[in-house]
Amino acid sequence: MEEAFMQRTATCGSLRAADEGKTVVLNGWVHRDRNHGALHFINLRDRYGMTQVVVDDDASEELQKAAGELKLEYCIAVKGIVRRRPDDMINPDMATGEIEVKAERIDVLSKCDVLPFMIDEENNAREDLRLKYRYLDLRCSGMQKRIALRHEIVKAIREYFYKTDFLEIETPTLIRSTPEGARDFLVPSRIYPGKFFALPQSPQLYKQLLMVSGFDKYFQIARCYRDEDPRGDRQLEFTQLDIEMSYVKRDDVLSLMEDLFGDVFKKVLNVTLPAHFRRLSYHDAMNTYGSDKPDLRFGLEMHDAASFAAKSTFNAFTETLQNGGSVKYIVAPKTEGHDYTRKYLGELETAAKIYGAHGLAWMKAENGTISGGVSKFFAGMESEVLSATGAKDGDVILLVAHQDWKKCCTSLGAVRSRLGADLGLIKEGYEFCWIIDFPLFEYNEDEGHWEAAHHMFSMPQAEYLDTLESDPGSVKGDLYDLVLNGYELASGSIRIHDVELQKRIFRICNIPDEVSKERFGFLLDAFRFSPPPHGGIAPGIDRLCMIVANEQSIKEVIAFPKNTAALSPMDDSPSPVEEKQLDELHLIIKKPE
Ligand code: ASP
């Protein structure tokens, strides 16, 4: 029987000088096609690389004709002989640059329609066009590299766990709806009219149940679904490395993660990470960097201005301090090629105001004294301000006052972030850190009750057990976040494994016993049967890959993401369904008004 098509014997990235003289078949796409009279140069591309195919000017008429009819992105098979390029034609930028393939036969395997964009290293088409033709966007070598990088990272993670006692266990994707935090995606049941499954926001409860079952070390690369409004760089579905362990304390989880990331970064990037990552309490991270996910690739620390601001004649400062508020400052360093113009200071102020600051005060260190901005309120204390802040000529002291410590920190933190980027202070590399000792509860102003800062299954620190109800705001939890280069990479906690304590937390979060029994009955039931102490964590795979790929959006490391409006322009989902499908599901659509 005749072969359907000429199948490749080598890839477009594999041939070297040592292959000279071999007859090979290549399959791939026409990346570039240049004609010099009867001489054709075809760059043939596949996922492994690019090879130059040459149709010599003395080639047969048939071959000349075949070459002449090629167009960009045609999928072809080429049979030919590997030959060395003349010395002056060697291309050191191409892995296959020492050779070319002298074509003897070219078959078109399939033709290509008019392309919506060029298939290049990076695709500069607008995002919706890229996503509409995602399969073509994925042909671009930038996307090819990132998808392969993601594979390497996930492979390294799995290899790490396979060397240990961890078991990889799948948990269901059709589960009971237990809304907490984000909104659940619901799946109507056809068999049970009026009932629904939910897609998991994370395998949280199932991994805790696995601990009750005795699988004391569990991991899974899990898909998670959250029906949130599109905002920032979020996706409706994402992937996390889900981990849970029994009989552990916080530091056991932290050490495991340090070891895992050390291993993965060495394997994938040949980067040696420190054996232990820096630890900052939530309070110190906020107080010093104005963020609970600080970018530690640069310093620019924030400080308390109370010692000198209290003595100024600036009411905004003195009154804030008298009423127990905070005044903090940052010293923006003199930087070559960068002027602290009023316009620029105005931009920094705008950044601060987004986080609640009423304004951004400033003064310049100049000629051994301070001038401009609020300096006039420090008359007679110029040298005290300079020595307290350490500001040198050309530096600018930036200050925020706010009654609310957190707002003071986050708004000056936003200024810090802007400065870090604008002044080019961000060093290359990877700065991991742990944020620990988070508050267990946050007050939901809109709904007027306390809620879990992470999730409701996290253990309060022992010293707060007696004051949970009387002073929820001061309770610290056994929670931890792993931060990398200013991104929250993972969150986790030591969990509650006591029914009564779990119910107390539910009640504080405005979930009375009847409701918690209804929603979380299966967990509370399981906790009646000797649950072991346990804890875990879940690093986000999309974000990890994004940071390692040096990209700004997780879409760049997801093969088929949704767009910023949470739609897929490629398959046009979400889409209406047929009446028959709705009938089967016992659903009637309420038309939006
Ligand atoms: N399930 C949590 C989350 O998705 C992570 C954890 O606590 O392990 O954020």
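See the structure above.
Since the structure is predicted, the reported quantities are computational estimates derived from the model, not experimental observations.

(A) Summary view of helix α5 (residues 204-212). Burial analysis of α5 places eight of its nine residues in the buried class, which makes it a mostly covered element. On the buried face of α5, the contacting elements are β9 (217-225), β10 (237-246), α14 (513-526) and β22 (534-539). One or two positions beyond α5, positive phi appears at G214, with a value near 100°.

(B) Geometry of the pattern of salt bridges. Enumeration according to the criterion identifies 46 salt bridges in this entry. Across the pair D56 and R83 runs a salt bridge, and its minimum N-O distance is 2.8 Å. With D56 in the loop between β3 (49-55) and α1 (61-68) and R83 in strand β4 (residues 75-84), this residue pair connects regions lying 27 residues apart in the sequence. Look at D56 and you get buried, because its relative accessible area is 13%. Here R83 falls in the partly exposed class, since its relative accessible area comes to 24%. E127 is the partner of K555 in a salt bridge, and the nearest nitrogen-oxygen pair spans 3.4 Å. Here K555, found in the loop between α15 (541-548) and α16 (579-584), pairs with E127, found in helix α2 (residues 127-132); they are 428 residues apart in sequence, far enough to count as distant. Judged by its relative accessible area of 9%, K555 is buried. Residues joined by salt bridges that share partners form a network here, namely E122, R130, R134, D137, R146, E551 and E556.

(C) Highlighting the sheet that holds β4. Within the closed barrel, the five strands sit side by side as β1-β2-β3-β5-β4. Their pairing is mixed. Looking at each pair of strands side by side, their axes are set apart by 55° on average, direction ignored. Contacting β1 (23-36), β2 (39-46), β3 and β5 (99-110), α1 runs over the sheet at an angle of about 70° to β5.

(D) Representation of the site of the ligand in the model. Around the ligand, 13 residues are found, and the nearest of them are Q204, K207, H454, H455 and R495. A distance of 3.2 Å separates an oxygen atom of the ligand from a polar side-chain atom of Q240. Residue R495 places a side-chain N or O atom 2.8 Å away from an oxygen atom belonging to the ligand. Notes on the ligand: free accessible area 270 Å², of which the protein chains cover 91%. Top element by residues in the shell around the ligand is β22. It accounts for three residues. Tallied by class, the residues present in the shell around the ligand amount to two nonpolar, eight polar and three charged.

(E) Structural context of the sheet that holds strand β21 (residues 487-494). Read from one edge of the open sheet, eight strands run β6-β9-β10-β22-β21-β20-β17-β11, paired in mixed fashion. Two strands lie at the open edges of the sheet, namely β6 (167-168) and β11 (278-281), each paired on one side alone. Here strand β20 (residues 479-484) pairs with β21 via six bridges, running antiparallel. Within β21, the residue paired with D481 across the bridge is S491. Of the strands in this sheet, β9, β10 and β22 touch α5, which is tilted by about 20° from β10. On the sheet, helix α6 (residues 250-269) packs against β10, β11, β17 (432-436), β20, β21 and β22 and is oriented at approximately 165° with respect to β17.

(F) Inspection of unusual backbone geometry at higher detail. Here S573 and P574 are connected by a cis peptide whose omega angle stands at 0°. By the secondary structure assignment, P574 is in the loop between α15 and α16. Residue N510 is not a glycine yet carries a positive backbone phi of 70°. In this fold, N510 is placed in the loop between α13 (499-508) and α14. Residue classification places N510 among the partly exposed residues on the basis of a relative accessible area of 49%.

Scoring rules and cut-offs
Residues numbered from 1 in each chain as written. Predicted model: local features only at pLDDT ≥ 70, side-chain atom pairs only at ≥ 80, totals over all residues. Heavy atoms only, no water. Buried < 20%, exposed > 50% of the residue type's maximum accessible area, 1.4 Å probe, protein only. Helix = DSSP H or I, 4+ residues; strand = E, 2+ residues; numbered from the N terminus. Contact = heavy atoms within 4.5 Å. Salt bridge = Lys/Arg side-chain N within 4 Å of Asp/Glu carboxyl O. Pairing = 2+ DSSP bridges. Axes fitted to C-alpha atoms, helices over the stretch in contact; angles between N-to-C directions. Near = heavy atom within 4 Å. Polar contact = N/O pair within 3.5 Å; in protein donor to acceptor, adjacent residues only side chain to side chain. Areas by Shrake-Rupley, 256 points an atom, 1.4 Å probe, with all protein chains shown as cover. Nonpolar A, V, L, I, M, F, W, Y, C, P; charged D, E, K, R; others polar.

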